[in-house]
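# Geometric and topological summary
Chain by chain, the residues:
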Amino acid sequence: MKKTALILGITGQDGSYLAELLLSKGYEVHALIRRSATGNTRNIDHIIDKITLHRGDLADVPSLYRAIEKSKPQEIYNEADQDHAGWSYDLVDYASDITGGAPGRILEIIRQLDPTIKYFQPLTSNMYGQTDTVTQNETTPMRPQSPYACAKVYALMLTRYYRDVHKIFASTATFFNHESPRRTDSYVTRKITKAAARISLGLQKKLYLGDLTAKIDFGFAGEFMEAAWNIMQLEKPDDFIIGTGEAHSVQEFVDEAFRTVGLDAKDYVEVDPKFLRPGKTSTLIADYSKAKKTFGYEPKVKFKELIKIMIDHDLETERIASHT
């Protein structure tokens, strides 16, 4: 029997990779799309005729109910939220409601409409914030340093509540930083690769960044969506850590990106204090041993390959844009 899945946040980086994966596995794919995203479907334009879109918003309960009722999914993946830690400092209420509160709305609809629906909730390594541990696993204490991270902790607790009390198949994955060519350039990794490509083509002169010393566990978004699907195929719901187990500084990312296009980053990159965040997290490194043991997760795309994937995409995109 053909499975049906509902993806919330399909136009984003994660949602679009997940849609491709589910289609490749023979799923009937439905998606919730909000009005502000209808003009930005570039990540799914190549598969949009294979997807059933439902109008709605995580802030609007009737539209969520309607999308779930009409699509009748076996699986729901909530890849939609206010997912930018930097923006959340200025959007505290919105981040709290959409990132933290919306999972509760979705899970309550599942409880009332069809408790057999499986639910997947992605989380963030930012939940650990300031930590004394070298690596983080499923039992590491949380001390979030942004409204976004605080909201994700709430999403985790709501998911566990519906799993424990109402026996819904509700699983989570705490994703460490995961990047791709589909990241918007409001994220530092895409800002870097896009600038390196543009500077190498003579389309930009300088790149201004914040803290270059921050060390981050960088993974590839496409692989993380495979992990999400694998988690949903398990016999029992659970919580998992997904990352690479390696940390590289933003400076290393910058150096490698510019090296890939044959340039020396020192000649083009400057620090601008306005990009520094008020709440700084510790170095966060994924201990993904539980996921490896449970369903064989092992990251394949590592640091340099990830940067090359992003640089190659941005070089091609900028070349095309500069000749139109």
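Structural notes, computed from the coordinates. (Residues numbered from 1 in each chain as written. Predicted model: local features only at pLDDT ≥ 70, side-chain atom pairs only at ≥ 80, totals over all residues. Heavy atoms only, no water.)

## Topic: the overall build of the chain
A tally of regular secondary structure across the chain gives 10 helices and 13 strands. Expected size for 324 residues packed as a compact globule is a radius of gyration near 20 Å; at 19 Å, the chain falls within 12% of this value. With respect to the principal axes defined by its C-alpha atoms, the chain has extents near 60 × 50 × 40 Å. The proportion of buried residues among the 324 residues of the chain is 52%. A separation of at least 24 residues holds for 78% of the contacts in the chain among residues at least 6 apart in sequence. Accessible surface computed for the chain: about 15000 Å², of which carbon and sulfur atoms make up 50%. (Helix = DSSP H or I, 4+ residues; strand = E, 2+ residues; numbered from the N terminus. Rg over C-alpha atoms; globule rule 2.2 N^0.38 Å. Buried < 20%, exposed > 50% of the residue type's maximum accessible area, 1.4 Å probe, protein only. Contact = heavy atoms within 4.5 Å. Areas by Shrake-Rupley, 256 points an atom, 1.4 Å probe, with all protein chains shown as cover.)

## Description of helix α6 (residues 188-200)
Think of an α-helix as 3.6 residues a turn; residues three or four steps apart then line up on the same face. For α6, with 13 residues, the first-to-last C-alpha span of 18 Å sits near the 18 Å given by 1.5 Å per residue. Buried residues of α6: Thr189, Arg190, Ile192, Thr193, Ala195, Ala196, Ala197 and Ile199, and no others. In the core, the buried residues of α6 are packed alongside β7 (178-179), β8 (207-209), α8 (250-260) and α10 (303-322). (Expected span 1.5 Å × (residues − 1).)

## Some remarks on the pattern of salt bridges
Scanning all chains against the criterion turns up 17 salt bridges. The shortest N-O distance in the salt bridge between Arg183 and Glu179 comes to 2.8 Å. On the basis of relative accessibility, which here comes to 2%, the residue Glu179 falls in the buried class. Glu270 is paired through a salt bridge with Lys206; the nearest N and O atoms lie 3.3 Å apart. In this pair, Glu270 sits in strand β13 (residues 269-271) while Lys206 sits in the loop between α6 and β8, placing the two residues 64 residues apart along the sequence. On the basis of relative accessibility, which here comes to 34%, the residue Glu270 falls in the partly exposed class. (Salt bridge = Lys/Arg side-chain N within 4 Å of Asp/Glu carboxyl O.)

## A short note on the packing of aromatic side chains
Tallied over the full model, the rule gives 12 aromatic pairs. Residues Phe120 and Phe175 carry aromatic rings whose centres are separated by 6.1 Å and whose planes lie at 40° to one another, so their mutual orientation is tilted. In this pair, Phe120 sits in strand β5 (residues 118-124) while Phe175 sits in strand β6 (residues 170-175), placing the two residues 55 residues apart along the sequence. Across the pair, exposure class does not vary: Phe120 and Phe175 are buried alike. Between Phe175 and Phe224 the ring centres are 5.4 Å apart and the planes differ by 45°, which places this aromatic pair in the tilted class. Of the two residues, Phe175 is situated in strand β6 and Phe224 in helix α7 (residues 221-232); the sequence distance between them amounts to 49 residues. Residues Phe175 and Phe224 agree in their burial class; the two are buried. One aromatic cluster in this structure is built from Tyr77, Phe120, Phe175 and Phe224. Note that Lys118 overlies the ring of Phe169, its terminal NZ or CZ placed 4.5 Å from the centroid. The positively charged end of Lys290 is found above the aromatic ring belonging to Phe240, 5.0 Å away from the centroid. (Phe/Tyr/Trp six-rings, centres within 6.5 Å; stacked < 30°, edge-to-face > 60°. Lys NZ or Arg CZ within 6 Å of the ring centre and 35° of its normal.)

## A short note on the pairing of strand β4 (residues 75-78)
Burial along β4 is two-sided: Glu75 and Tyr77 facing one way and Ile76 and Asn78 facing the other are all buried. Pairing analysis gives four bridges linking strand β1 (residues 4-8) to β4, with the strands arranged parallel. By the bridge assignment for β4, Leu8 is matched with Asn78. For β4 and β5, the ladder comprises three bridges, and the chain directions are parallel. Within the sheet, the bridge partner assigned to Glu75 lies in β5 and is Lys118. (Pairing = 2+ DSSP bridges.)

Keep in mind these values describe shape, not function.
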